[in-house]
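An overview of the molecular structure
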Amino acid sequence: DARKRIFEGFFSTQDTMSNNDVPSTLGDYVEIIRRRRLPLLIVIPAALLLAVYFAYTLPASYRSSSTILLEASSIPEDLVQTTITSYADQQIELVQRRVMTPDNLEAVVSEIDPYPGIQGMSARDKAQRIIDDTIIERVDPITLEVLPESTAFSIHYHNADPKRAALIVQRISDLFLSYNRRTRAERAEETYSFL
């Protein structure tokens, strides 16, 4: 019964100040904290312990990033009208539609198993999971801050193993660069034959 009265006293909504009084000085705030010290002494350490518990029990996730800067075409603009922004949009669209496919990433999975702890997944399922764990965003080429319009983009890949994360993002970047070289060579040949 005494314990019940103590908790009712600490959690009651009535204070010594009237409803019209608003704390205005530092002393008023100190007095409020002093009166409510028991709930604060219970809640704050409990929240800290819970945060430490989750920090140590949740699985680690590492993010590896690769940033690619797109260069404008070497063809003079007075011959073929292109813009850097539209070129960057096209290239980012290409990397997502042509390179980031399960068919292309199965070769990466056969070379480096990104999820060795997961049994029973096929190479195609692991390739799809790589796609799900990868984020592509436009960034500023110098500060690497996210920008809606930029000539650079970053590929971010998340994995529980930092070495695997770095290797996978390197392979994804290599896939993009080789695809980009191939398409640029084809475009150069087409432009040469056109001119």
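You'll find the structure just up there.
Procedures and definitions
Along each chain, numbering runs from 1 in the same order as the chain's sequence is written. The predicted nature of this model means local features are confined to residues of pLDDT at least 70 and side-chain atom pairs, given and counted, to a pLDDT of 80 or more, with totals for whole chains, interfaces and linings taken over all residues. Hydrogen atoms and water are omitted, and side-chain values are computed over all heavy atoms in the structure. Note on geometry: axes are lines fitted to C-alpha atoms, helical ones only across the stretch in contact, with angles between N-to-C directions running from 0 to 180 degrees. Strands here are runs of E lasting at least two residues and helices are runs of H or I lasting at least four, both read from the DSSP assignment and numbered beginning at the N terminus. Handedness of each helix crossing follows the sense of rotation of the near helix against the far helix: counterclockwise by less than a right angle gives left-handed, clockwise gives right-handed. Contact definition: two residues touch when any of their heavy atoms are within 4.5 Å. Patch membership requires over 30% relative accessible area and the absence of a salt bridge. Like charges are linked within 9 Å, and nonpolar side chains (Val, Leu, Ile, Met, Phe, Trp, Tyr) within 5 Å. Accessibility throughout is a Shrake-Rupley quantity obtained with a 1.4 Å probe, and a residue counts as covered only by protein chains that appear here. Counted as salt bridges are all cases of a side-chain nitrogen of Lys or Arg within 4 Å of a carboxyl oxygen of Asp or Glu. The definition of a nonpolar core used throughout is a set of buried Ala, Val, Leu, Ile, Met, Phe, Trp, Tyr and Cys residues joined through side-chain atoms within 4.5 Å. For every residue, the accessible area obtained with a 1.4 Å probe (protein chains only) is divided by the maximum for its type, and the residue is called buried under 20%, exposed over 50%, and partly exposed between those limits. Two strands qualify as a pair provided DSSP detects at least 2 bridges between them.

Between helix H5 (residues 102-111) and helix H7 (residues 162-194), the least distance of the axes is 11 Å, while the angle of their chain directions is 145°. Crossing hand, H5 versus H7: right-handed. Along the contact surface, H5 presents Asn-104, Leu-105, Val-108 and Glu-111, while H7 presents Ile-168, Arg-171, Ile-172 and Leu-175.

Taken together, the side chains of Ile-33, Leu-40, Ile-44 and Leu-48 define a hydrophobic patch exposed on the protein surface, amounting to about 370 Å² of accessible area. Counting residues per element, the nonpolar patch draws most heavily on helix H3 (residues 37-57), at three residues. Residue placement: Leu-48 occurs in helix H3.

Within the largest apolar cluster, 21 residues are counted, with the highest numbers of intra-cluster contacts made by Leu-105, Ile-130, Phe-153, Ile-155, Tyr-157, Ile-168 and Ile-172. Among the elements of the structure, H5, helix H6 (123-132), strand E3 (152-159) and H7 are those that each provide at least two residues to this core. Among the elements that line this core, the one with the most residues is H7, at five residues. When sequence neighbours within four positions are dropped, the list of residues in contact with Tyr-157 reads Tyr-62, Arg-63, Ser-64, Pro-114, Tyr-115, Ile-130, Asp-133, Thr-134, Arg-164, Ala-165, Ile-168 and Val-169.

This part covers the sheet that holds strand E1 (residues 62-69). One open sheet holds the three strands; their spatial order is E1-E3-E2, and the pairing between them is antiparallel. Every other strand in the sheet has two partners, leaving E1 and strand E2 (134-139) as the edge strands with one partner each. For this sheet, the mean inter-axis angle between neighbouring strands, taken without regard to orientation, is 20°. In this structure, E1 lies alongside E3, joined through eight bridges in antiparallel fashion. Following the sheet pairing, Leu-69 is matched in E3 by Ala-152.

That's the geometry; what it means functionally is another story.
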